[in-house]
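Chain and residue survey
As a plain string of letters, each chain reads:
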Number of protein chains: 2
Amino acid sequence: MNLDFTYKNPTTIHFGKDSLDKLTEELANYGDTIMLAYGRSSIKKIGLYDQVIDILKESNKNIVELSGIMPNPTYKKVVEGAKLVRKNEVDLILAVGGGSVIDCAKAIAVAAYCEDDPWQKYWIDFEPISNQVVPVASILTLAGTGSEMNGGSVITNEAVKLKMGRVFPAEVNPKFSILNPEYTFSLPKYQMVSGIFDMMSHLMEAYFSNEDDVTTDYLIEGLLRSIINSAKIAVENPKDYEARSNLMWSASLAMNPLMGLSKTQDWQVHMIEHQVGAYTDCAHGMGLAAVSLPYYRKIYQAGLDKFVRFAIQVWDIEKAGKTKAEIALAGLDALEEFTQECGIVINLKELGATEEMLPKIAESTIITGSYKKLTTEEVLEILKTAYTA
Amino acid sequence: MNLDFTYKNPTTIHFGKDSLDKLTEELANYGDTIMLAYGRSSIKKIGLYDQVIDILKESNKNIVELSGIMPNPTYKKVVEGAKLVRKNEVDLILAVGGGSVIDCAKAIAVAAYCEDDPWQKYWIDFEPISNQVVPVASILTLAGTGSEMNGGSVITNEAVKLKMGRVFPAEVNPKFSILNPEYTFSLPKYQMVSGIFDMMSHLMEAYFSNEDDVTTDYLIEGLLRSIINSAKIAVENPKDYEARSNLMWSASLAMNPLMGLSKTQDWQVHMIEHQVGAYTDCAHGMGLAAVSLPYYRKIYQAGLDKFVRFAIQVWDIEKAGKTKAEIALAGLDALEEFTQECGIVINLKELGATEEMLPKIAESTIITGSYKKLTTEEVLEILKTAYTA
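Sequence order as written defines residue numbering, which begins from 1 separately in each chain. Lettering for chains starts from A, numbering for ligands starts from 1, and both go in the order in which the items are written. Residue-level local features of this predicted model are given only where pLDDT is at least 70; pairs of side-chain atoms are given and counted only at 80 or more, and the full residue set underlies all totals for whole chains, interfaces and linings. In computing side-chain properties, one takes all heavy atoms of the structure into account and sets aside hydrogens as well as water.

- Chain A goes by Alcohol dehydrogenase YqhD, Fe-dependent ADH family in an unreviewed UniProt entry, where it is assigned to Halanaerobium salsuginis.

See the structure below:
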């Protein structure tokens, strides 16, 4: 743990089959007006909407609804929510849904009382927060982004075709999050496996950087092994409670500052995918998977020992008789086989991209990268490989 | 993650070479009177005492000193500290030292304004806290107990020969903890390796219970691998910053609710050691190591598959040509070899026990245990094996 860090994660997690029972006692800590933020019909289909409304009413709360939060939430939606918060003097934003709903709720929480242009200030200039932040809480229905236990908020500004992510300080984290793995049972398999790759990608972004023997790396390896094991079970039987609960908790940990501590981290895959997402509106995890394979195959030589370790510790690749490069590539092949086994789409064309989009995506991609800094041409090569995968 | 849980850990960790720089800004959040709690001379020897006093004075704080906190802090010391807190209306207890100092500070924090007998109420009857709790913070100088990031407080009541541990709710956690691995450099090797076994024992107590494929188990395996790897380096070169920093952070995570979530856990080793400690005042980690080997060898058949997994995932034991029992025992042999390699004492006689003490220790041991519940006779057998190890 050579690099200094500060770690703080004050979110209270209520996890399990009966976790919704904790909502009443948590609500007692907040004022009367609750904004219920959610997506489209899924929380109504599983009966959760009615349950939450009942608890809010029993707790004598005034309910302000913000519905229709979309995957890849838009800045327009943030502005709509912020107006509602100010108008109703909302005391708590209760996000019920997946990462998009929670990301949007956090964006609303910081934007509502911002006197300047929130988009410019918080998502472009990355300024520190200087205004009141409305408390956020969540009830999670989709495992993947980890938004339920971090300060992350990824917002798409359609007007300027930019998808920007930011991790706010812990003050913006949900105060509490309720995680019942059963809420994820009815999710279509397509979204489940997209979420699985999303959490794995968060861990790989942290793992693949030069501080190579820190405790964080060992934790990431353990968590990846847990995800891979449970993913295979959940793909066969989406109602396996143990597997789904492991995946839900793994997602919360994967995109938690905990799993990146004392690491410079990479994040190039996410930077490319964000622009893929801005152009195609594809499922985030699928976009990440499509970009990851050609990206890692392009850079693995620059971080060879770590890719060897990844192959051995995460994918149980046998060393005997192989060169380091062969071991490293066997690990990446195992990752690709895993995506196939799970039904994760890694072809950008199938995810809605067109050939014309690729240069625009490449040019608008922010370059981060740890082992190697890509050129725009190299980003384009990666996109072209992913386009025909 | 089959068992429901609530997880909350609000402690802010400032970690690294320059982490003491954060003290001034943290102190600004508290009132004027700070109780500086510490042990004997070690924090003076490394110059930390003077640095902290300077920062407190620059921050215009009134300093109340409580010195002489001993390893295995006594209830008598808690009472002394509680009186000082009340008398001086202390706003923050700043514990500077190892786990004993921080455990004692937390005990003082809950006892100071308790109207009843705090020992009976909080360490015997395990009642919920119903009085004001004084905020605690810490500057850690010894990696091992994890007290810097949890609500645990183990106190020895000499009058009744009882060493009792309790994990208080997160409100009792240190508000912030400053972890500079360099503070641990001057620690005698005896104490360093005792701390190493302590953190490993915390993880094994959580690992060895029946929920056998939860995410927590994978994290524990990763963390144990990290500890074993760094311990070997630190034993050779105690000033290897990477190894010592990995160990320091591993200790904070090891005895953190995080590493026991959704597990029933075992804790029999700690229950036996607590009574060994009450009679001998031995180093906690050494006592744990002495008890662990005969204990696990006695119970491994009852949790065979988990001991097999432990051997393979943590100790890289080859499966080929071995029975399950052989694999499991090879893992425990590897654990014993590791204690020898590190210079960890596993002989109870050498740790100060006498033959006459053993029956008293056995009779006063609380039985917890997950795979198997011991009888008092079996505890005595374990103690006798450890006595001649």
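1. Here's the deal with the relation of the copies chain A and chain B
- The superposition of copies rests on a least-squares fit of C-alpha positions from residues with pLDDT of 70 or more in both. With an RMSD of 0.0 Å, the fit of chain A onto chain B corresponds to turning through 180 degrees and sliding 0.0 Å along the axis. One copy is carried onto the other by what is essentially a two-fold rotation axis. Taking C-alpha positions as the reference, the residue of chain A nearest the rotation axis is Pro10(A), at 2.2 Å.
- Both copies share a contact surface, since 100% of the interface residues of chain A are interface residues in chain B too. Only heavy atoms matter for contacts: two residues are in contact if any of them lie within 4.5 Å across the pair.

2. Description of the packing of helix 7 (residues 189-207) of chain B against helix 12 (residues 304-315) of chain B
All names here are of chain B.
- To define axes, lines are fitted to C-alpha atoms, for helices over the stretch in contact only, and angles between the resulting N-to-C directions are given on a 0 to 180 degree scale. Strands are runs of DSSP state E lasting at least two residues, helices are runs of H or I lasting at least four, and both sets are numbered from the N terminus onward. In contact at an axis separation of 12 Å, helix 7 and helix 12 are set at 140 degrees when each is read in the N-to-C sense. As far as their axial angle goes, helix 12 and helix 7 are oblique. The way helix 7 lies across helix 12 gives a crossing that is right-handed. Taking contact as the criterion, the partners of Met-200, Met-204 and Tyr-207 in helix 7 are, on helix 12, Lys-306, Arg-309, Phe-310 and Trp-315.
- For the contact of helix 7 with helix 12, a count of residues per class yields five nonpolar, no polar and two charged. To sort the angles, those under 35 degrees are grouped as roughly parallel, those over 145 as roughly antiparallel, those from 65 to 115 as roughly perpendicular, and the leftovers as oblique. By definition, turning the near helix anticlockwise from the far helix through less than a right angle yields a left-handed crossing, and turning it clockwise yields a right-handed one. Nonpolar residues are Ala, Val, Leu, Ile, Met, Phe, Trp, Tyr, Cys and Pro. Charged residues are Asp, Glu, Lys and Arg, and all others, Gly as well, are polar.

3. Focus on the interface of chain A and chain B
- In this complex, chain A contributes 41 residues to the contact, which on the side of chain B involves 41 residues.
- Reported buried area values correspond to the accessible surface (1.4 Å probe) lost by two parts on association, with both partners' losses combined. Counting the surface lost from both chain A and chain B, the interface buries some 3600 Å², and carbon and sulfur atoms represent 50% of this.
- Salt bridge, as used here, is a side-chain nitrogen of Lys or Arg placed within 4 Å of a carboxyl oxygen of Asp or Glu. Viewed at the interface, chain B and chain A are joined by zero salt bridges.
- Two N or O atoms form a polar contact when they lie within 3.5 Å of each other; inside protein one atom must be a possible hydrogen donor and the other a possible acceptor, and for residues adjacent in sequence the pair counts only when both atoms belong to side chains. The tally of links between chain A and chain B comes to 24 residue pairs in polar contact (both at pLDDT 80 or more).
- Here the side of chain A that touches chain B takes eleven residues from strand 1 (residues 5-15) of chain A, the largest share from any one element.
- Of the residues contributing to the side of chain A that touches chain B, the split by class is 17 nonpolar, 16 polar and eight charged.
- Whether two strands pair depends on DSSP finding at least two bridges between them. Across seven bridges, strand 1 of chain A lies against strand 1 (residues 5-15) of chain B in antiparallel orientation. For Phe15(A), the partnering residue across the bridge sits in strand 1 of chain B and is Phe5(B).

4. Description of the environment of Lys76(B)
Residue and element names in this part refer to chain B.
- You can see Lys-76 is positioned in helix 4 (residues 75-88).
- Relative accessibility under 20% of the residue-type maximum defines a buried residue, over 50% an exposed one, and the middle range a partly exposed one, all with a 1.4 Å probe and only protein chains included. The class for Lys-76 is exposed, based on a relative accessible area of 67%.
- Measuring from C-alpha to C-alpha, the distance between Lys-76 and Ala-159 comes to 9.0 Å, with 83 residues separating the pair along the chain.

5. Thoughts on the pairing of strand 7 (residues 162-167) of chain A
Residues and elements named next belong to chain A.
- In this structure, strand 6 (residues 152-157) lies alongside strand 7, joined through six bridges in antiparallel fashion. Bridging across to strand 7, Thr-156 finds its partner in Lys-163.
- The loop that links strand 6 with its antiparallel partner strand 7 comprises four residues; one of these, Lys-161, has a positive phi angle of about 50 degrees.

6. Things to note about unusual backbone geometry
- Phi at Trp267(A) takes a positive value of approximately 70 degrees, unusual for a residue other than glycine.
- Looking at the element boundaries, Trp267(A) is found in the loop between helix 9 (241-254) and helix 10 (268-280).

7. Remarks on a negative patch on the surface
- To count toward a patch, a residue needs a relative accessible area over 30% and no salt bridge; like charges are then connected within 9 Å, while nonpolar side chains (Val, Leu, Ile, Met, Phe, Trp, Tyr) are connected within 5 Å. Throughout, the Shrake-Rupley method with a 1.4 Å probe supplies accessible areas, and for residues the shown protein chains are the sole cover considered. Positive residues here are Lys and Arg, negative ones are Asp and Glu, while His and the chain termini are left out of the count. The atoms used to mark charge sites are NZ of Lys, CZ of Arg, CG of Asp and CD of Glu. A cluster of acidic residues, Asp4(A), Asp18(B), Asp21(B) and Glu182(B), forms a negative patch at the surface.
- Its location among the elements puts Asp4(A) in the segment before strand 1.

8. Quick look at the packing of helix 10 of chain A against helix 11 (residues 284-299) of chain A
All names here are of chain A.
- As a packed pair, helix 10 and helix 11 sit with axes 9 Å apart at the nearest point and diverge in direction by 130 degrees. Here helix 10 is positioned oblique relative to helix 11, judged by the angle of their axes. Helix 11 is crossed by helix 10, and the crossing has right-handed handedness. Between helix 10, through Gln-268, Val-269, His-270, Ile-272, Glu-273, His-274 and Val-276, and helix 11, the contact on the second element is made entirely by His-284, Gly-287, Leu-288, Val-291, Ser-292, Tyr-295 and Tyr-296.
- Of the residues that constitute the contact of helix 10 with helix 11, the class distribution is seven nonpolar, six polar and one charged.

9. What about the packing of aromatic side chains?
- When the centres of two rings from Phe, Tyr and Trp lie within 6.5 Å, Trp using its six-membered ring, the rings pair. Their planes under 30 degrees apart give stacked, over 60 give edge-to-face, and anything left gives tilted. Under the definition given, this model contains 41 aromatic pairs over all chains.
- Ring centres 6.3 Å apart and planes at 45 degrees place the aromatic pair Tyr30(A) and Phe176(A) in the tilted group. Highlighted residues: Tyr30(A) in the loop between helix 1 (23-27) and strand 2 (33-38) and Phe176(A) in strand 8 (residues 176-179), separated in sequence by 146 residues.
- Looking at Tyr30(A), the relative accessible area reads 18%, which means it is buried.
- By relative accessible area, which is 0% here, Phe176(A) ends up buried.
- Aromatic pair Tyr122(B) and Phe168(B): ring centres 6.1 Å apart, planes at 80 degrees, arrangement edge-to-face. Taken together, the residues Tyr122(B) in helix 6 (residues 118-124) and Phe168(B) in the loop between strand 7 (162-167) and strand 8 (176-179) connect sequence positions 46 residues apart. With respect to class, Tyr122(B) is no different from Phe168(B); both count as buried.
- Each member of the aromatic cluster is reached from another via a ring pair, and the members are Tyr207(A), Phe208(A), Tyr295(A), Tyr296(A), Phe307(A), Phe310(A), Trp315(A), Phe338(A) and Tyr371(A).
- Over a ring means this: the NZ of a Lys or the CZ of an Arg is within 6 Å of the ring centre and within 35 degrees of the ring normal. Sitting over the ring of Tyr207(A), Lys306(A) keeps its end group 4.4 Å from the ring centre.
- Over the aromatic face of Tyr279(B) sits the side chain of Lys161(B), whose NZ or CZ is 5.6 Å from the ring centroid.

10. Some thoughts on the side chain of Gln275(A)
Residues and elements named next belong to chain A.
- Along the chain, Gln-275 falls in helix 10.
- Look at Gln-275 and you get buried, because its relative accessible area is 3%.
- Within polar-contact distance, the side chain of Gln-275 engages the side chain of Ser-364 at 3.0 Å.
- In contact with Gln-275, not counting residues within four places along its chain, are Lys-161, Leu-162, Lys-163, Ile-361, Ser-364 and Thr-365.

11. Quick word on the pairing of strand 4 (residues 92-97) of chain B
Residue and element names in this part refer to chain B.
- Across the six residues that make up strand 4, a large majority, six, are buried.
- Taking every second residue as pointing to the same face, both faces of strand 4 are buried, with Leu-92, Leu-94 and Val-96 on one and Ile-93, Ala-95 and Gly-97 on the other.
- The sheet contact formed by strand 2 (residues 33-38) and strand 4 spans five bridges and is parallel. By the bridge assignment for strand 4, Met-35 is matched with Ile-93.
- Both strand 4 and strand 5 (residues 136-140) contribute to a ladder of five bridges, which runs parallel. For Gly-97, the partnering residue across the bridge sits in strand 5 and is Leu-140.

12. Here we look at the UniProt feature "domain: Alcohol dehydrogenase iron-type/glycerol dehydrogenase GldA" (unreviewed entry) in chain A
- The UniProt record annotates "domain: Alcohol dehydrogenase iron-type/glycerol dehydrogenase GldA" (unreviewed entry) at residues 10-181 of chain A.
- Helix makes up 31% of residues 10-181 of chain A and strand makes up 26%, while its end C-alpha atoms are separated by 22 Å. UniProt positions are given in the numbering used here, feature names are shortened, and annotations may be inferred rather than shown by experiment.

13. Details of helix 14 (residues 357-364) of chain B
Residue and element names in this part refer to chain B.
- Restricting attention to buried positions, one finds in helix 14 the residues Met-357, Leu-358, Ile-361 and Ala-362. For helix 14, the arc enclosing every buried residue in end-on projection is 130 degrees, short of the 170-degree limit, so these residues lie on one face.
- Against helix 10 (268-280) and helix 15 (376-387) lie the buried residues of helix 14. Along the arc lie the directions from the helix axis toward the C-beta atoms.

14. Focus on the environment of Asn157(A)
All names here are of chain A.
- Considering the arrangement of structural elements, one finds Asn-157 in strand 6.
- Judged by its relative accessible area of 9%, Asn-157 falls in the buried class.
- For the pair Asn-157 and Lys-77, spaced 80 residues apart in sequence, the C-alpha separation works out to 9.7 Å.

15. Considerations on the environment of Lys263(A)
Residues and elements named next belong to chain A.
- Within the secondary structure, Lys-263 sits in the loop between helix 9 and helix 10.
- In the structure, Lys-263 is positioned 44 residues away from Phe-307 in sequence and 16 Å away in space, judged by C-alpha atoms.
- Polar contacts involving the side chain of Lys-263 include one to the main-chain carbonyl oxygen of Tyr-207, which spans 3.1 Å.
- Of the polar contacts made by the side chain of Lys-263, one reaches the side chain of Asp-217; its length is 2.9 Å.

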